[in-house]
Amino acid sequence: MSARDRILERVRAGLKRPTPVSVARPDRSLAPMARPVSHLLNDFIARAESLQSTVAQVANLNAVPAAVAEYLQAQGLPRKSVIWPSLKALDWFSSGLTAEARPPVSEDRLGITETFCGIAETGTLLLHSGVDHFSTTSLLPETHIAILRVDRLVERMEQAFALMQSELDQLPRATNFISGPSRTADIEQTIVIGAHGPRRVHIILVG
Amino acid sequence: MKIRSEQFKGNVRKQLADEALQSNLSRFGGGFADRRRDALVKVDDFEALRDRGASIRAEVLENLDYWLLKFEAEAQRRGTQVHWAETGAEANQILLNIARNAGVQRVVKSKSMVSEESGLNEVLTEAGMTVTETDLGEYILQLANEPPSHIIAPAIHKSRDEVSALFEKHHGTPRTDDIPSLCEEARGQLRPHFLAADMGVSGGNFLIAETGSVTIVTNEGNGRMVTTLPRVHVAMTGIEKVLPTLEDLSAILRLLPRSATGQDITNYVSILTGVRDEGAMDGPQENHVILVDNGRSRLLGGDLHDALRCIRCGACMNHCPVYQNIGGHAYGWVYPGPIGAILTPAFLGLEKALDLPQASTLCAACEVVCPVRIPLPDLMRVLREKELTQGLRPWHERLSIRLWRWLALHPGWYAFAARWGTRLLRGMAGSDRLLHTLPGLDGWTEGRDMPAPQGETFRDQWRKKQAAERKIIPIRLDPSPSEKKAGLKK
Amino acid sequence: MRIGLFVTCLVDAMRPSIGFASVSLLEAAGCEVTIPDTQTCCGQPGFNSGDRPSGIQLGLAFLRDFEGFDAIVAPSGSCIGMIHDYPTLFKDDLALQARLNVLTAKCYELTDFLVNHAPKPLSPGRLSMTVSYHDSCTGLRQLEIKSQPRFLLQQTQGVELREMKDAEICCGFGGSFSIKLGDIATQMADKKCAHALETGCDAIVGGDLGCLLNIEGRLRRRGDPHTQVKHVAELLAESLVNPQLEKS
Ligand code: SF4
């Protein structure tokens with residue numbers, strides 16, 4: 001008997017029955033609250049800001065590079081970025097930015113990504129991995145700028161999963177929920193922003 | 001991990017006498033409880049969320065074998081290799097084999113309490129690998145060569161000065177009392193380790209049966225690093241950590257961070273499924289999950305079954321006055337506080353942790369905060385019952401309980417004993433009407449006086465008063481057992 | 001209303017004045033009080049030490065002593081909490097369990113009874129003192145005794161209630177815990193004393209004698225002979241002697 005068999009045997013013995021052939025999928029889906037987009041937007045912004053993300057809003061995708069430039073200017077950050085390949089088409093150059101569509105190395109200081117969807121309940125970004133969606137872009141650089149279309153806001157985490165299920169063939173290798181810059185409180189319970197991941201998360205809402 | 005739970009009382013004495021620790025505990029101990037309270041104010045009906053959490057976890061346990069097999073099948077379908085380990089030692093061996101087969105030299109770890117159970121770090125180090133803990137708290141403790149004292153804030157017992165001293169010793173950097181600089185220093189030290197590691201070892205906060213995924217929850221981002229950068233990822237987690245669906249995960253995630261740190265959500269929640277996609281630039285090429293039993297399956301269906309609902313949020317210890325006074329190390333193993341007082345004897349054997357279930361006033365501060373409504377005081381009482389019925393309590397304790405019970409069931413004798421007992425105590429008290437020592441009860445009188453009984457017992461006084469007022473005169477002595485039975489029949 | 005007063009074993013032996021105070025208060029609230037003479041203890045000391053038979057057998061004795069009353073009152077949240085747990089000990093005897101359910105539904109902690117269930121409201125009298133109230137655990141968490149004693153104290157003319165820090169945190173009594181792990185209990189009691197004294201109160205007040213003995217024991221050992229440690233029933237009963245003055 002393998003360890004697996006022995007463990008399962010003990011589980012069955014404890015529960016006093018053989019392993020069931022099938023168990024109904026527990027249905028604990030929550031219906032969306034069907035609130036107007038403006039409420040979602042307000043909630044999302046308020047909660048994201050309470051998690052120390054910063055938020056800007058622009059009318060359309062073409063306005064993103066200028067918004068990025070403005071943010072970098074205000075923060076006094078260099079105008080050099082690694083971006084997801086899907087953002088290559090934007091005119092970064094006119095806003096005085098260099099944007100390289102490649103996975104980051106540890107020295108890169110700014111990473112710009114798109115966002116699969118945003119979750120209003122907690123002000124959270126959902127990013128998933130993929131051939132063109134480098135996970136490290138939102139992880140290694142000290143500043144992460146996330147571009148999020150307003151029509152991609154959902155109420156709760158359940159709806160984000162439902163959206164993934166309807167749009168993707170299968171769950172990606174990595175599904176990352178990001179809620180603000182990385183932080184730690186491991187020394188004296190004092191919250192310090194900027195642990196191993198980014199120190200700044202800036203969200204540019206589009207739409 | 002080395003087991004020190006048998007020396008609980010000695011550990012307690014040491015911790016109570018440790019001034020630095022006491023100062024750290026009183027300065028940082030209350031923070032989580034305050035933050036949790038503040039976070040709950042913003043939630044509509046947290047009690048309903050707790051009900052939901054409790055029922056989700058309870059349902060999982062009812063069909064644990066089914067969900068584990070489902071998880072295994074789905075994980076394998078996505079290219080994850082699933083291993084089963086009966087003990088911590090077995091889990092270490094499996095991990096060692098994976099590492100050797102993959103030619104691993106450098107290992108980075110994010111927090112895994114199961115790997116603390118198994119003592120993984122020593123095993124890997126002995127096998128010639130370098131292991132680096134990357135959770136800041138765990139990293140500090142690795143430098144200090146100490147076990148964690150809390151399940152979500154492992155180094156809560158250390159002050160900034162102690163951390164700074166450790167950093168000075170190990171990094172050669174000047175002392176500082178600035179906490180952000182210390183964090184920055186750790187970031188700088190650890191980044192190269194992430195980049196150079198061949199293998200990442202993580203725990204698994206939850207396993208999702210339906211998708212074969214491992215979920216990891218961290219604030220620092222180290223969990224993401226460990227599961228993204230190295231070419232091999234191994235998650236080591238307990239068999240009870242499975243959840244059926246992603247919706248269940250959503251429900252549980254509304255509870256975990258609020259209960260733990262008072263956050264509405266943890267910074268990073270990563271759901272990891274399978275291996276690097278073809279053509280992708282990041283993610284591990286090899287992904288393993290080790291499902292560790294180590295005493296868990298034995299609890300199923302028994303009277304400690306409910307303890308397996310635990311989602312390791314730490315709220316019970318954050319609210320436990322005993323934990324807050326003695327700190328986590330006193331408990332002597334991986335899990336401190338109320339849940340530790342249950343899991344340690346449950347996993348290791350009652351005889352290894354006799355004092356732990358006794359280390360509670362049953363004040364229930366833990367029970368009212370537990371997000372999955374584990375009846376922690378009841379479970380401690382269950383363990384006390386086992387200690388008593390298995391003859392694991394000292395003979396004088398067993399005898400005095402029996403004697404006391406017999407007296408309490410015989411009111412006449414009880415009144416007699418109370419009358420003479422209180423007279424004796426009054427005689428022993430000084431003019432201040434206090435007892436400064438009591439034979440056999442030095443546990444009390446070492447640190448406290450005992451106020452002497454006020455006078456005659458209440459019932460003696462009442463009887464006299466009643467007699468004087470001619471209300472009720474007859475003094476009923478102990479009814480015979482047959483009378484008692486008769487009294488109970490309708 | 002016929003009330004059975006469960007005096008509790010600790011009050012019986014250590015501080016009968018709490019029992020007499022309870023009688024006065026209940027009578028002042030329009031109750032007819034009976035004290036069954038065969039009562040001893042609710043069983044908690046044994047039960048919490050792991051002796052299940054203590055709970056079961058004393059549960060039966062309690063049923064024998066108190067089943068006939070309209071309501072049963074005890075000056076202790078801890079004992080009433082234990083009593084409310086009796087039905088769970090009789091899962092195999094549904095008839096008995098049902099009887100216990102009926103019984104325990106009419107068992108009340110004293111201040112809760114006075115505020116929420118007494119035939120007529122208690123009007124406390126007058127005292128002159130500053131007090132700080134310690135919430136005992138079982139009363140607080142199992143029975144939700146929090147506002148009731150405070151309400152009564154605030155009704156008492158001349159009593160100033162000052163909240164202490166961490167009033168809801170356990171004082172360290174915990175029955176046999178306070179002896180088995182006396183050093184932890186002592187430190188917990190010490191913090192309780194410190195928080196209470198910070199308020200500058202004349203008396204630390206509570207609703208459970210176990211906690212009061214623990215707190216007073218530590219307080220005296222700390223070398224404070226003055227600060228009083230009182231059961232809320234004692235204070236309220238003392239106040240009854242002095243009728244309230246008309247406010248001018
Ligand atoms: S027992 Fe409950 S409160 Fe304690 S860690 Fe587990 S889930 Fe959290």
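Residues numbered from 1 in each chain as written. Chains lettered and ligands numbered in written order. Predicted model: local features only at pLDDT ≥ 70, side-chain atom pairs only at ≥ 80, totals over all residues. Heavy atoms only, no water.

Engineer: I tried to follow the overall build of chain C on my own but got confused; where do I start?
Structural biologist: Tallying secondary structure elements over chain C gives 13 helices and 8 strands in all. Reported as C-alpha extents along the three principal axes, the dimensions of chain C are approximately 55 × 45 × 25 Å. Looking at the 248 residues of chain C, the share that counts as buried comes to 66%. Pairs at least 24 apart in sequence give 79% of the contacts found in chain C among residues at least 6 apart. Per element, the accessible surface of chain C, about 8,500 Å² overall, is 51% carbon and sulfur. (Helix = DSSP H or I, 4+ residues; strand = E, 2+ residues; numbered from the N terminus. Buried < 20%, exposed > 50% of the residue type's maximum accessible area, 1.4 Å probe, protein only. Contact = heavy atoms within 4.5 Å. Areas by Shrake-Rupley, 256 points an atom, 1.4 Å probe, with all protein chains shown as cover.)

Engineer: Is there a simple way to explain the site of the ligand in this structure?
Structural biologist: Contacts to the ligand come from 13 residues, most closely from Cys310, Cys313, Gly314, Cys316 and Cys370 of chain B. Broken down by class, the residue content of the shell around the ligand amounts to 11 nonpolar, 1 polar and 1 charged. (Near = heavy atom within 4 Å. Nonpolar A, V, L, I, M, F, W, Y, C, P; charged D, E, K, R; others polar.)

Engineer: Explain the arrangement of the chains here, please?
Structural biologist: Looking at the 2 pairs of chains with contacts, the pair that accumulates the most is chains A and B. No interface is formed between chain A and chain C, the nearest pair of C-alpha atoms being 20 Å apart.

Engineer: What is the right way to look at the domain arrangement of chain C in this model?
Structural biologist: Bring the parts together and some accessible area is lost; that lost area is often taken as the interface size. All names here are of chain C. The domain architecture assigned to chain C consists of domain 1 (2–116) and domain 2 (126–247). Placing a centre on the C-alpha atoms of domain 1 and another on those of domain 2 gives a separation of 22 Å. Between domain 1 and domain 2, the residue contacts involve 27 residues of the former and 26 residues of the latter. When domain 1 packs against domain 2, the two sides together hide about 2,000 Å² of surface, and 69% of this comes from carbon and sulfur. For the interface between domain 1 and domain 2, the tally reads 2 salt bridges. Here Glu216 ties to Arg15 by a salt bridge, and the two come within 3.2 Å at their closest N and O atoms. Our count for the domain 1 to domain 2 interface comes out at 11 residue pairs in polar contact (both at pLDDT 80 or more). Listed by contribution, the elements that provide at least two residues to the side of domain 1 that touches domain 2 are helix H1 (9–14), helix H2 (16–28), helix H5 (77–85) and helix H7 (110–117). (Domains from an automatic or database assignment. Buried area = accessible area lost by both parts, 1.4 Å probe. Salt bridge = Lys/Arg side-chain N within 4 Å of Asp/Glu carboxyl O. Polar contact = N/O pair within 3.5 Å; in protein donor to acceptor, adjacent residues only side chain to side chain.)

Engineer: Looking at this model, I keep getting lost on the domain arrangement of chain B. Mind explaining?
Structural biologist: You can read the domains of chain B as domain 1 (5–299) and domain 2 (396–471). With centres defined by C-alpha atoms, the gap from domain 1 of chain B to domain 2 of chain B works out at 52 Å.

Engineer: How do you make sense of the side chain of Ser78 of chain C when you look at a structure like this?
Structural biologist: For Ser78 of chain C, the position within the fold is in helix H5. Ignoring sequence-local partners within four residues, the contact set of Ser78 of chain C consists of Gln44, Thr138 and Asp208 of chain C.

Engineer: Would you explain the interface of chain C and chain B in this entry?
Structural biologist: Of the residues lining the interface, 63 residues belong to chain C; the matching set on chain B comes to 64 residues. A salt bridge links Asp51 of chain C to Arg405 of chain B, with the shortest nitrogen-to-oxygen separation between them at 2.9 Å. At the surface where chain C touches chain B, the tally comes to 28 residue pairs in polar contact (both at pLDDT 80 or more). Listing elements by their share of the side of chain C that touches chain B, those giving two or more residues are H1, H2, helix H3 (44–48), helix H4 (52–66), helix H8 (137–143), helix H10 (177–180), helix H11 (182–198) and helix H12 (209–221) of chain C. Residues belonging to the side of chain C that touches chain B are distributed by class as follows: 27 nonpolar, 20 polar and 16 charged.

Engineer: Can you walk me through the interface of chain B and chain A in this structure?
Structural biologist: Opposite the 97 residues of chain B that make contact, chain A presents 73 residues. In total, about 7,100 Å² of surface goes out of reach between chain B and chain A, with carbon and sulfur atoms giving 54% of it. Contact with chain A buries area across many residues of chain B, yet Asp65, Arg187 and Arg224 of chain B alone supply 10% of it, more than any other trio. In this assembly, chain B and chain A are joined by 14 salt bridges. Arg160 of chain B is the salt-bridge partner of Glu188 of chain A, the closest N and O atoms lying 3.0 Å from each other. One can count 44 residue pairs in polar contact (both at pLDDT 80 or more) joining chain B with chain A. Among the elements that make up the side of chain B that touches chain A, the one with the highest residue count is helix H11 (residues 179–196) of chain B (10 residues).

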